[in-house]
Amino acid sequence: MTQLAAQLAQLDDQRLRRRRRVVEGPQGAYLTVDGRRCLAFCSNDYLGLAGHPALVEAACAGAQEYGVGAAASHLISGHTGAHEALEAALATFVGMPRALYFSSGYMANLAVVPALVGGGDTVFSDRLNHACLIDAARLSRADVVVYPHLDLAALEQALATSRSPRKLVATDAVFSMDGDIAPLSELLALCERNDAWLLVDDAHGFGVLGPQGRGSAARFGVRSPRLIYMGTLGKAAGVSGAFVAGEADLVEWLVQRGRTYVFTTGTPPMLACALLVALRLIESEEWRRERLQDLAMRLHKGLAGTGFNLLASQTAIQPIIVGNNESTVVLGEKLLQAGVWVPAIRPPTVPEGTARLRISLSAAHSRDDVDRLVAALREVA
Ligand SMILES: *Cc1c(COP(=O)(O)O)cnc(C)c1O
């Protein structure tokens, strides 16, 4: 106990203790936080679907039809017609043979990697990959080679010299804290040459990138039996959960041996009902992606010449690198006092010395909202 207290005190000293703010009401551009209304740039609700009335209605109708809980795992009695319909729609949407719906992206990655590789095999992992890909690799007991961020020459070298019987390359498609995009065509070509799987985590690309929001793999037009595509459904899709798409045999193997799929209660069917509507909106409402692009351009123009170091991101994730933990937190607090909420992201979420304000834009924002953010940033600079 005293040891934990000391460790917590150390977090305070380093300004690394995190506290949760309490939000009331649905997600949107404006949130009521700890009782105060503010303009928020925190969420991954990139298309503004999380509070959409059509999704709420579909979830309610789904609860009426199926009840709330799935009551058992998918392999026992927790797999419904709504789950089946969603998986078929997801596979069609991303243009892959089969898809499997998981309770979260974290769980999906924890299923895929240990189901495909084990002791003596090797996972090749980009240094900036999301925590759940890192944990998935550890859980698999495979050897792990961490290659420098997007360094394809280093990856090629490591793949070519590996003697492992099975190899898996894991990468974020859009890196969650930088907003940059992995070159999937080149990565897939490397995997083909070196007989490796490519696991693409498209948490931030699904719904946002590619034609009709079909995701990063569609954006690059990559297809291959070696490609394993993981898209999450709690971000742009506005609901919850994730899916893995790939060859039919691969997906069937995950149904049989993906431990976080087999040994967990099925997801509430009402979520699948809401997601079927979300997919239709993602596909048909191009204006949401157009607005995101427009807002990103406006933000860049607005901050030009201010000395803020905005990364050259083409996605909804628009981080400003500050560096020092303390300064980042202070900036975040000042913005919040001005009624604008931008999260201060610190290590271990990002590498030491790269603490940042992570602005995330949403189609729920208007141009006026972005102008207000720019004005607040100029004020606190
Ligand atoms: C958010 C995120 C996940 C986890 O997805 P959840 O559905 O929230 O568990 C996985 N990978 C990346 C890159 C993410 O940003």
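In this text the structure is predicted, and so the values were computed from the model without any measurement.

Q: Explain the sheet that holds strand 12 (residues 340–341) here, please?
A: Hydrogen bonds between backbone atoms are what pair the strands of a sheet, whose relative direction is either parallel or antiparallel. Strands sit in the order 1-2-3-12 across an open sheet of four strands; the sheet is mixed. The outermost strands of the open sheet, each flanked by one partner alone, are strand 1 (23–24) and strand 12. In this sheet, strand 12 lies alongside strand 3 (residues 36–40) in parallel orientation, the contact comprising two bridges. Residue pairing for strand 12: L39 is matched across the bridge by V340.

Q: Quick question: what am I supposed to make of the sheet that holds strand 14 (residues 355–360) here?
A: The three strands are arranged 11-14-13 in an open sheet whose pairing can be described as antiparallel. Two strands bound the open sheet, and with one partner strand each, they are strand 11 (317–323) and strand 13 (344–345). Bridge analysis of strand 11 against strand 14 gives six bridges, and the strand direction is antiparallel. Considered in strand 14, the bridge of Q318 is made with I359.

Q: Just to check I follow, could you spell out the domain arrangement of the protein for this structure?
A: Quite often, the size of an interface is put as the accessible area lost when its parts meet. Per the domain assignment, the segments of the protein are domain 1 (15–47 + 286–380) and domain 2 (53–284). Centre-to-centre separation of domain 1 and domain 2, based on C-alpha positions: 27 Å. With 19 residues of domain 1 in contact, the opposing surface of domain 2 contributes 21 residues. Both faces considered, domain 1 and domain 2 share a buried interface measuring about 1,600 Å² in area, 58% of it formed by carbon and sulfur atoms. Of all residues in domain 1, the largest losses of buried area upon contact with domain 2 belong to L47, R289 and T315, amounting jointly to 29% of the total for that side. At the junction of domain 1 with domain 2, the criterion picks out one salt bridge. One salt bridge in this structure joins R356 and D178, with 3.1 Å as the shortest N-O distance. The interface formed by domain 1 and domain 2 includes 11 residue pairs in polar contact (both at pLDDT 80 or more). Those elements that provide at least two residues to the side of domain 1 that touches domain 2 are helix 12 (286–303), strand 11 and strand 14. Counting residues per element, the side of domain 1 that touches domain 2 draws most heavily on helix 12, at three residues. Of the residues in the side of domain 1 that touches domain 2, the class split is nine nonpolar, five polar and five charged.

Q: Where do I start with the nonpolar core in this structure?
A: A general feature of soluble globular proteins is that nonpolar side chains tend to end up buried together. V169, F206, F243, I359 and L377 are the most contacted members of the largest nonpolar core, which has 83 residues in total. The dominant element in this core, judged by the number of residues it contributes, is helix 11 (residues 269–284), at 10 residues. Once residues lying within four places of it in the same chain are set aside, the contact partners of F243 are L90, V94, A99, L100, Y101, F206, Y229, M230, G231 and L233. Core analysis: the second largest hydrophobic core is formed by 27 residues, V123, A142, L254 and V255 among them.

Q: What's the story with the site of the ligand in this structure? I'm lost.
A: The environment of the ligand is formed by 13 residues, the closest being G105, Y106, D201, H204 and K235. Measuring from an oxygen atom of the ligand, one finds a side-chain N or O atom of K235 at 2.7 Å. About the coverage of the ligand: the protein hides 82% of its 380 Å² of free accessible area. Among the residues making up the shell around the ligand, the classes are represented as three nonpolar, seven polar and three charged.

Q: Help me out: how do you make sense of helix 4 (residues 105–116) in this one?
A: The periodicity of an α-helix, 3.6 residues per turn, causes residues three or four places apart in sequence to face the same way. A rise of 1.5 Å per residue sets the reference length of helix 4, with its 12 residues, at 16 Å; its end C-alpha atoms lie 17 Å apart and thus fit the reference within 8%. Among the residues of helix 4, those classed as buried are G105, A108, N109, L110, A111, V112, V113, A115 and L116. Its side-chain oxygen at 3.3 Å from the backbone nitrogen of Y106, S104 defines the N-terminal cap of helix 4.

Q: Any chance you could explain the pairing of strand 4 (residues 98–102) here in plain terms?
A: Looking down a regular strand, the side chains alternate between one sheet face and the other. Counting buried positions over the five residues of strand 4 gives four, a clear majority of the element. By the bridge criterion, five bridges tie strand 4 to strand 10 (residues 242–246) in an arrangement that is antiparallel. By the bridge assignment for strand 10, R98 is matched with G246.

About the thresholds
Residues numbered from 1 in each chain as written. Predicted model: local features only at pLDDT ≥ 70, side-chain atom pairs only at ≥ 80, totals over all residues. Heavy atoms only, no water. Pairing = 2+ DSSP bridges. Helix = DSSP H or I, 4+ residues; strand = E, 2+ residues; numbered from the N terminus. Domains from an automatic or database assignment. Contact = heavy atoms within 4.5 Å. Buried area = accessible area lost by both parts, 1.4 Å probe. Salt bridge = Lys/Arg side-chain N within 4 Å of Asp/Glu carboxyl O. Polar contact = N/O pair within 3.5 Å; in protein donor to acceptor, adjacent residues only side chain to side chain. Nonpolar A, V, L, I, M, F, W, Y, C, P; charged D, E, K, R; others polar. Core = buried A, V, L, I, M, F, W, Y, C linked by side-chain atoms within 4.5 Å. Buried < 20%, exposed > 50% of the residue type's maximum accessible area, 1.4 Å probe, protein only. Near = heavy atom within 4 Å. Areas by Shrake-Rupley, 256 points an atom, 1.4 Å probe, with all protein chains shown as cover. Expected span 1.5 Å × (residues − 1).

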